[in-house]
Every structure is written in structure tokens, then in C-alpha cells.
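Chain by chain, the residues run as shown.
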There are 2 protein chains.
Amino acid sequence: MKYSLERSYEILDRTPAVLQALLSGLPDDWVMPNEGPETFSPYDVIGHLVHGEKTDWVVRAKMILEFGNTKTFERYDRFAQYEESKGKSLQQLLDEFTVIRKENMIWFKALNLTEDDLDRQGMHPVLGDVTLRNLLATWVVHDLTHIAQITRVMAKQYKEEMGPWPEFFRILNF
Amino acid sequence: MKYSLERSYEILDRTPAVLQALLSGLPDDWVMPNEGPETFSPYDVIGHLVHGEKTDWVVRAKMILEFGNTKTFERYDRFAQYEESKGKSLQQLLDEFTVIRKENMIWFKALNLTEDDLDRQGMHPVLGDVTLRNLLATWVVHDLTHIAQITRVMAKQYKEEMGPWPEFFRILNF
């Protein structure tokens, strides 16, 4: 599928509601376990998404529009939420994500980007040359794959209770 | 995590709202592609979940409670939805799932199962001996892993638009 603004809005706009429906009100048993060292719990993922809204997607899009590939993106800190989420409840993080995503979408839609804009180049500190289109498609994929991760991590909590059934669930070994 | 009725209700009750938030109103571009032959599109998954509510979880739980392991479960048809969903819109399937899951949860909660009930044995046509606890834990995991599948399949639609970014997304190669 080709990237289009409309198709990307359809996902980015709905992610906060999906995460609220999926996680709001759940006890720690469901939201605090992870998949092992340096992996994320559902709680960690929401903090990571908040951090991304503040420091990654919009900041990098602005850099491309202003400086093209003459200025390299800051490295993204995948573990920033371990500090930044401290003392915050899951619901606080979900609500924070809902607010900041909404603000970011208002900004994003107001840009009225053209196809030429989407071809503009940026410089990633590890990946090198990227386009604004690549960045914006990755923003969408990042939402979707983190929802996949959250539900996979939750599913694994019951693996031991399934008796022989896990053999039918390849995803539990991911 | 140990299986408990309360923890399982928390997931099973919310799945219809999660799926509505995730998929309602999306165009075919997002919901009709799959991952290759004999794999499911998001649209297929919702039909599969409807079929499961009608023929799998509740039917098998009733068999365990009535016949124990003296009667073997019917084989589950993983591809039934290809026929049963024909002519139905995604929204029709989402609404059908919402209604039947709600009915099934009313039935499930009214059982007031004890720990002894959860230990009761059933007979799976492929896996052999299972317990009611195994079946009910698998019902929860089945919901969660299909949400993971839906979001993974959707994410893959933009893989070609991400430039060099897919290398950071291991899940896109699942």
C-alpha cells in the first residue's frame, strides 16, 4: 500500500482510543510484566509512546522541513520512559498520550503536506538517508507494532495455564 | 500468572470494544490484505472470532461440564469464516461479535465456577487431555494474540514505505 496522509491519519487518530479500550482499568498483573531484560511491559510501552510524541516524530518531521538532511536527528532513547514514567499511573500515561497525540495530529494535518514535501530528505544517525514519507509511515507502523507487542506480552502471562495449547500459538514464542 | 475468573473477565469483556476502536470505519486498504496463502486479514480475524464464539469456547466448556473427557471436542474449523463471512461488512461482523461475546459472558459469569470445576478434564481431538482451566485461559490468549495479529498485518502494509526503518522492527518479519 502506498503512503497517503489520509490512510495514516486513520491509524494515528485512533491509537489513543485503542490503548484506552485495551488497558484502562487493568490491574498490575496484566500491565506490569515484560518479556525479559530490556523488554517492555504494557505500562512501559505507553511511557515510550508518550516520549515518542514529545521527542521523535514531530521533532524529526520539523527538522526535515526546516533543515533537510543537513542536520542529523538526535538519537532516540528507547529506555527514557523508565525514568520519565516514574510515579505516574498507567491511566495518567494513557491520558497524557491521548492529549499530546491530539495536539500533534492538529499540527500534522495543518501542514497540508504535498507529495514533494513527502520526498524531502532527512538524516538518521544510524540509518542514514530517509525521507519524510519514510518517517511518517514509520510513525504509523510504530503505533501498530506496539499494540501488537502489548497484546503479545499480555497473552504470555497465561502461557503456563494453557496446558498443551501453546503449540497452536506460534506468536507465544516470539 | 495464575488463571482466575476475574483476570479472564477483564480481557474477554473488553475485546469487542478494543476491536471496534481498532477497526471500525477503516477502508479495505487496511482491513482486507493478509500475510499470504492461508493467513488471515483483519476482516478474516473478526469472522474467525465470531465463529469461535458460536462453536468453540462455550460449546467446549459445556461439553467438559456435562461429559468430562468421555466425549471428544469437535475439530475446530479455522477457515469457516471464509464461507460464513460472505456478504457481510466488517462493521456487521464487529457488531455480531460484540453481541455474541456479551451473551457468552453473561452465561460464563453465571456458571460461578469453582477451582474444582476448573480442574475438570476434557478431550481435545489433537491435543488430548486438557482442563477447563486450560480452555478458559486459551480463550483469553486467543483474543489477545488475534489483536496482535491484526495490528501486525496492518503494520506490514506500510513496510515498503518505511525506507530503511524496517530493520528496527523485528515483528515485521514474523
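Reading the values: the criteria
- Residues numbered from 1 in each chain as written.
- Chains lettered and ligands numbered in written order.
- Predicted model: local features only at pLDDT ≥ 70, side-chain atom pairs only at ≥ 80, totals over all residues.
- Heavy atoms only, no water.
- Salt bridge = Lys/Arg side-chain N within 4 Å of Asp/Glu carboxyl O.
- Buried < 20%, exposed > 50% of the residue type's maximum accessible area, 1.4 Å probe, protein only.
- Pairing = 2+ DSSP bridges.
- Helix = DSSP H or I, 4+ residues; strand = E, 2+ residues; numbered from the N terminus.
- Contact = heavy atoms within 4.5 Å.
- Buried area = accessible area lost by both parts, 1.4 Å probe.
- Least-squares fit on C-alpha atoms with pLDDT ≥ 70 in both.
- Lys, Arg positive; Asp, Glu negative; His and termini not counted.
- pLDDT = per-residue confidence, 0-100.
- Axes fitted to C-alpha atoms, helices over the stretch in contact; angles between N-to-C directions.
- Parallel < 35°, antiparallel > 145°, perpendicular 65-115°, else oblique.
- Nonpolar A, V, L, I, M, F, W, Y, C, P; charged D, E, K, R; others polar.
- 1 Å grid on protein atoms, 1.4 Å probe; cavity = no way out; pocket = protein on both sides within 12 Å on 5 of 7 lines; lining within 4 Å.
- Points joined across faces, edges and corners; volume = space filled by probe spheres on them.

1. Regarding the pattern of salt bridges
Note that side chains of opposite charge can pair when their charged atoms are close. Inspection of every chain in the model, using the stated rule, returns 28 salt bridges over all chains. For Arg60(B), the salt bridge goes to Asp56(B), with nearest N and O atoms at 3.5 Å. Both residues of the pair, Arg60(B) and Asp56(B), belong to the buried class. Bridged by salt links that share partners, the residues Arg7(A), Glu10(A) and Asp29(B) form one connected network.

2. What about the pairing of strand S2 (residues 128–131) of chain A?
Residues and elements named next belong to chain A. In the sheet, strand S1 (residues 121–124) pairs with S2 via four bridges, with the strands oriented antiparallel. In the sheet register, His124 faces S2, and the bridge partner there is Gly128. The antiparallel hairpin formed by S1 and S2 contains three residues in its connecting segment.

3. Looking at the interface of chain B and chain A
Taken together, the 58 residues of chain B in the interface contact 58 residues of chain A. The junction of chain B with chain A conceals about 5,300 Å² of combined surface from both sides, 72% of it contributed by carbon and sulfur atoms. It is Met1(B), Tyr158(B) and Trp165(B) that lose the most area in chain B upon contact with chain A, and together they represent 16% of the buried surface on that side. Across the contact surface, chain B and chain A share two salt bridges. Across the salt bridge formed by Asp29(A) and Arg7(B), the nearest N and O atoms sit 3.7 Å from each other.

4. So, the relation of the copies chain B and chain A
These two copies of the chain differ by a rotation about an axis and a displacement along the same axis. Note on the copies: chain B fits chain A at an RMSD of 0.0 Å, the axial shift is 0.0 Å, and the rotation between them is 180 degrees. The superposition of one copy onto the other is thereby described by a two-fold rotation axis. Considering only C-alpha atoms, the part of chain B nearest the rotation axis is Ala148(B), at 1.9 Å. The share of interface residues of chain B whose copies in chain A are also at the interface is 100%, consistent with both copies meeting through the same surface.

5. What about the side chain of Asp44(B)?
All names here are of chain B. Structurally, Asp44 is set in helix H4 (residues 42–55). Salt bridges are absent for the buried Asp44, whose nearest opposite-charge side chain, Arg78, sits at 10 Å. Beyond its immediate chain neighbours, meaning those up to four positions away, Asp44 contacts Thr39, Gln81 and Tyr82.

6. Considering the confidence of the model for chain A
Low-confidence regions, as indicated by low pLDDT, have predicted coordinates that should not be scrutinised in detail. Here chain A shows a mean pLDDT of 97. Residues at 70 or above account for 100%. Interface scoring of the predicted complex returns ipTM 0.97; its pTM is 0.97.

7. Points about the packing of helix H2 (residues 15–23) of chain B against helix H9 (residues 132–156) of chain B
Residue and element names in this part refer to chain B. Relative to each other, H2 and H9 sit at 5 degrees, their axes nearing to 11 Å. Comparing their axes, H9 and H2 come out roughly parallel. Residue-level contacts link Thr15, Val18, Leu19, Leu22 and Leu23 of H2 to Asp143, Ile147, Ile150, Thr151 and Met154 of H9. In the contact of H2 with H9, the residues fall into seven nonpolar, two polar and one charged.

8. Thoughts on unusual backbone geometry
You will see that Asn112(A), though not glycine, has its phi angle at about 45 degrees, which is positive. Secondary-structure assignment places Asn112(A) in the loop between helix H7 (90–110) and helix H8 (115–118). Judged by relative accessible area, Asn112(A) falls into the exposed class, the value being 60%. Phi is positive for Glu38(B), close to 60 degrees, though the residue is something other than glycine. Position of Glu38(B) among the secondary structure elements: in the loop between helix H3 (28–31) and H4. Owing to a relative accessible area of 63%, Glu38(B) belongs among the exposed residues under this scheme.

9. Quick word on empty space enclosed by the protein
Scanning the model with the defined rule gives two cavities of 30 Å³ or more in all. Its volume calculated, the largest cavity comes out at about 40 Å³. Gly47(A), Val50(A), His51(A), Lys54(A), Glu84(A), Ser85(A), Lys88(A), Leu93(A) and Glu96(A) together form the lining of the largest cavity. Of all elements in the fold, only helix H4 (42–55) and H7 of chain A reach the threshold of two or more residues within the lining of the largest cavity. Top contributing element to the lining of the largest cavity by residue count: H4(A), with four residues. Among the residues forming the lining of the largest cavity, the class breakdown is two nonpolar, three polar and four charged. In terms of lining residues, the second largest cavity is bounded by Ala148(A), Arg152(A), Ile171(A), Phe174(A), Ala148(B), Arg152(B), Ile171(B) and Phe174(B). Elements supplying a minimum of two residues to the lining of the second largest cavity: helix H9 (132–156) of chain A together with H9 of chain B. The residue inventory of the lining of the second largest cavity, partitioned by class, reads six nonpolar, no polar and two charged.

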